[in-house]
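Coordinate inspection notes
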Amino acid sequence: MIRVLLFVVTNLSVISLLCIIAFFTGIQTNNILYLIISGFLFGFGGAFISLLLSKQIALFSIGSYIIKNPINKSEIWLLKVLKKQSSQLNIKTPDLTIYSSNSINAFATGSRKDSSLIAISTGLLNKMTKNEIKAVIAHEMTHIANGDMITMTLIQGVLNTFVIFLSRGIAYLFSNLDSNNNSSQSIFQKTGAAYLILTIFLEIIFGTIASFITMWFSRRREFYADAGSAKIVGVENMISALQKMQYNPYSLEIPKTLATFCINGQQNSFLNLFMSHPPLHVRIQALHNKTYM
């Protein structure tokens, strides 16, 4: 679950910064074309900047580093597994990092298939068998091979564009209901604080609605990543890895800022619509039934 939440949080932060800069620097015009262009630039700009910075942000967030020179048998073995599986999937071997956490978890991130990162928690290494660890790695490898981060970026970019366009357009109309319709003034000059406050409010509302779509996509891709892992290391190994997470008391010990493209995600969400991952028992049942194989 780590990589999706990290991506979304970073993306929203970048968009907010770009909008604030635009407001105070006077990047403006007073026609509908500007709303479309600015929505597109800010929407996709925020998404792609988040993607490009994803590896650096992930490493900073978990306080870890890329393992270039393995210093023990565990690191040597993990790098061999990464190399073998990446060869099977015909992708460049991802960078590896191990972060300190009691959580049984792992995640993958990166802007391209040939520039990706797989992070594995110490809890996962200590509590799983080698076959289960291989299954988790294969799950993350499948995310990379399927280009899920790129697809997520495109989806997020489109959603951002609509959120910005609708928020600014509606805010402009409502904040000018009592104005004299002086078209010689630009949108920002004409509406001032009322426009800014209403825009922020609407972006929160529409952004929340857009997150339903983002989380739905994330849930769907988890099934395919599970199926991909099952094809690489066997169904039973993937099921065993998911069961180990299901019954481990530390499974959900992950930083809140890193909560979305992990192998394991929060299962007790307030609403299913906000869940980035399907419940573990549903994923296990899908593998048993070969629903997504």
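The coordinates are above.
Below is a short write-up of the structure. Worth saying up front: this structure is predicted, and the values here are computed from it rather than measured.

Another point: helix α9 (residues 235-246). Here α9 is 12 residues long and its end C-alpha atoms lie 16 Å apart, about the 16 Å a rise of 1.5 Å per residue gives. Within the sequence span of α9, burial applies to Met-238, Ile-239, Ala-241, Leu-242 and Met-245. Seen from one end, α9 has its buried residues packed into an arc of 160°, which puts them on one side.

Turning to the sheet that holds strand β1 (residues 95-99), a few remarks are in order. Taken in spatial order, the three strands make up an open sheet running β1-β3-β2, and their pairing is mixed. One side of each edge strand has no neighbouring strand; the edge strands of this open sheet are β1 and β2 (106-112). Strand-to-strand, the axes of this sheet are offset by a mean angle of 20°, without reference to chain direction. Each of β2 and β3 (115-121) is contacted by helix α6 (residues 130-145), which is oriented at about 155° to β3, the strand it contacts most.

So, on to the environment of Asp-148. In this structure, Asp-148 sits in helix α7 (residues 148-174). Along the sequence, Asp-148 and Arg-112 sit 36 residues apart, while their C-alpha atoms lie 9.9 Å from each other. Side-chain polar atoms of Asp-148 contact the side chain of Arg-221, separated by 2.9 Å.

Following the criterion strictly, the structure yields one aromatic pair and no others. Residues Tyr-99 and Phe-107 carry aromatic rings whose centres are separated by 6.1 Å and whose planes lie at 55° to one another, so their mutual orientation is tilted. On the basis of relative accessibility, which here comes to 4%, the residue Tyr-99 falls in the buried class.

Next up on the list: the environment of Val-81. If you trace the backbone, Val-81 turns up in helix α4 (residues 73-89). Sequence spacing of Val-81 and Lys-134 is 53 residues, and the spatial spacing of their C-alpha atoms is 7.0 Å. Val-81 has contacts with Lys-134 and Ile-137, leaving out every residue within four places of it along the chain.

On to the packing of α6 against α9, then. As a packed pair, α6 and α9 sit with axes 8 Å apart at the nearest point and diverge in direction by 95°. Considered as vectors, α6 and α9 are oriented roughly perpendicular to each other. Residues Asn-131, Glu-132, Ala-135, Val-136 and His-139 of α6 form the contact with α9, whose participating residues are Asn-237, Met-238, Ser-240, Ala-241, Lys-244 and Met-245. Class assignment for the residues of the contact of α6 with α9 results in five nonpolar, four polar and two charged.

Calculation criteria
- Residues numbered from 1 in each chain as written.
- Predicted model: local features only at pLDDT ≥ 70, side-chain atom pairs only at ≥ 80, totals over all residues.
- Heavy atoms only, no water.
- Helix = DSSP H or I, 4+ residues; strand = E, 2+ residues; numbered from the N terminus.
- Expected span 1.5 Å × (residues − 1).
- Buried < 20%, exposed > 50% of the residue type's maximum accessible area, 1.4 Å probe, protein only.
- Arc of directions from axis to C-beta.
- Pairing = 2+ DSSP bridges.
- Axes fitted to C-alpha atoms, helices over the stretch in contact; angles between N-to-C directions.
- Contact = heavy atoms within 4.5 Å.
- Polar contact = N/O pair within 3.5 Å; in protein donor to acceptor, adjacent residues only side chain to side chain.
- Phe/Tyr/Trp six-rings, centres within 6.5 Å; stacked < 30°, edge-to-face > 60°.
- Parallel < 35°, antiparallel > 145°, perpendicular 65-115°, else oblique.
- Nonpolar A, V, L, I, M, F, W, Y, C, P; charged D, E, K, R; others polar.

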